[in-house]
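Listed here are the chains, written in short residue letters.
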Amino acid sequence: MRVLITGITGFAGSHLADYCLERGGIEVYGIVRWRSRTENIEHIEDRINLLECDLRDATSTREVIEEIHPDYIFHLAAQSFVPTSWKAPTESLTTNVIGELNIFEAVRKIGLGCRIQLACSSEEYGMVYENELPITEDNPLRPLSPYGVSKVGQDLLGYQYFMSYKMDIVRTRGFNHTGPRRPPVFVCSDFAKQIADIEKGLRPPEMYVGNLDAKRDFTDVRDMVRAYFLSLEKGKSGQVYNICSEKSWAIREVLDMLLAMSQEKIEVKVDKARLRPSDVAILQGDCSRFKKCTGWKPEIPFEQALRDVLEFWRNR
Ligand code: GDD
């Protein structure tokens, strides 16, 4: 079987490549942009196939898909950091929505019958009221950031291509995930790296934070990529699935858990630059549709994921 992972050099993409190689019997292909950083896949570089492509360019996208002829496409490449989407909304929407459109058009025009997984996001739910929890796939989509809007665009484009052309598309709405290799702009990795830097004496014992009242539903990335794979093995074409732990943690609790893993006495300071024009207050999902369809359940406890993130930064 041939698998194409867009975003293979990124956090989830590199873990998905690891997972495919561990399973065996899978030829792993990935696309990279000129000058992409490849540190996340250096350990497997001789076991995967990398092709140069920019998904914003329809010609380049069509050429690589035609060359690879994948059975499965996992579409993970994206501008994935919410704050960047306020600073660069055009770039975020173009990369996320037009990049996906170029994949769909390439697959359609080549006439490939491959399965396509779309890594959509819980950020699409955005404004969720207390009486709407836990969030099922039928909750209204009320995105609160350009990033959230771009993911609604990707999600609904997937629905439309399934309906219009019967393309074999499965949408996953992944809730927050963390683990080793997570870039240090995302909250768990950000806090963990600050702690590791303080322990190494690289900075004073001060931790900068944003909105600690927000609540998020966290899954370890290794459980998340297993779910992505299962979504194409067992998921129903045209369907959308939440993938989450069904528990939520206040970011304040995440901070306290990480601080408790260190011996350092650290002062916590709010950095106003880390506050967002509108932050999603709570995300806590209902995963029953996906569990029923695939038998998936998360195996790595959140505390372990946090410990692994901290160890990752301590060893860097
Ligand atoms: N990054 C960051 N840094 N976030 C902070 C900080 C900080 O210092 N302090 C508090 N937060 C809060 C944010 O305001 C937000 O409420 C929460 O921590 C999580 O922030 P992120 O880790 O940046 O993730 P996100 O929830 O905005 O988005 C992530 O999850 C989505 C799925 O729900 C990303 O991984 C998205 O790509 C993904 O789609």
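Residues numbered from 1 in each chain as written. Predicted model: local features only at pLDDT ≥ 70, side-chain atom pairs only at ≥ 80, totals over all residues. Heavy atoms only, no water.

As for its placement among the helices and strands, Asp138 is situated in the loop between β5 (115-121) and α5 (146-165). A residue is classified by how much of its surface remains accessible, and Asp138, at 65% relative accessible area, is exposed. Sequence separation between Asp138 and Tyr125 is 13 residues; the distance between their C-alpha atoms is 9.8 Å. (Helix = DSSP H or I, 4+ residues; strand = E, 2+ residues; numbered from the N terminus. Buried < 20%, exposed > 50% of the residue type's maximum accessible area, 1.4 Å probe, protein only.)

Attention now goes to the nonpolar core. Of all hydrophobic cores here, the largest spans 40 residues; its most connected members are Ile5, Leu16, Val28, Phe74, Leu76, Tyr228 and Phe290. Only β1 (2-6), α1 (11-23), β4 (72-75), α7 (221-234) and β11 (240-243) provide two or more residues apiece to this core. Per element, the largest residue contribution to this core is eight residues, and it comes from α7. If we skip the residues at most four places from it in the chain, Leu76 touches Ile5, Thr6, Gly7, Ala12, Gly13, Leu16, Gln117, Ala119 and Tyr228. Of all hydrophobic cores here, the second largest spans 27 residues; its members include Val209, Met257, Leu310 and Trp313. (Core = buried A, V, L, I, M, F, W, Y, C linked by side-chain atoms within 4.5 Å. Contact = heavy atoms within 4.5 Å.)

Here we take up the domain arrangement of the protein. Domain assignment breaks the protein into domain 1 (2-178 + 218-246) and domain 2 (187-215 + 248-284 + 302-315). Each partner contributes residues to the interface: domain 1 has 21 residues there, and domain 2 has 18 residues. Both sides of the domain 1 and domain 2 interface together cover about 1,700 Å² of buried area, and 66% of this is carbon and sulfur. Considering only the surface of domain 1 that becomes buried against domain 2, Trp86, Thr178 and Phe218 emerge as the three largest contributors, covering 35% of it. The interface formed by domain 1 and domain 2 includes one salt bridge. Between Arg222 and Asp308 there is a salt bridge whose closest N-O contact spans 2.8 Å. The interface formed by domain 1 and domain 2 holds four residue pairs in polar contact (both at pLDDT 80 or more) in total. Across the side of domain 1 that touches domain 2, the residue classes tally to 12 nonpolar, five polar and four charged. (Domains from an automatic or database assignment. Buried area = accessible area lost by both parts, 1.4 Å probe. Salt bridge = Lys/Arg side-chain N within 4 Å of Asp/Glu carboxyl O. Polar contact = N/O pair within 3.5 Å; in protein donor to acceptor, adjacent residues only side chain to side chain. Nonpolar A, V, L, I, M, F, W, Y, C, P; charged D, E, K, R; others polar.)

What follows is about the site of the ligand. Not every one of the 27 residues close to the ligand is listed here, only the nearest: Ser80, Ser122, Tyr147, Arg182 and Arg276. Measuring from an oxygen atom of the ligand, one finds a side-chain N or O atom of Asn176 at 2.9 Å. Taking Val185, its main chain carries an N or O atom lying 2.7 Å from a nitrogen atom of the ligand. When the free accessible area of the ligand is taken as 720 Å², the share hidden by the protein chains comes to 96%. Looking at the shell around the ligand, the elements with two or more residues in it are α6 (187-199) and β8 (206-209). The element best represented in the shell around the ligand is α6, accounting for three residues. When grouped by side-chain class, the residues that make up the shell around the ligand number 13 nonpolar, seven polar and seven charged. Both domains that meet at the shell around the ligand, namely domain 1 (2-178 + 218-246) and domain 2 (187-215 + 248-284 + 302-315), each give it at least three residues. (Near = heavy atom within 4 Å. Areas by Shrake-Rupley, 256 points an atom, 1.4 Å probe, with all protein chains shown as cover.)

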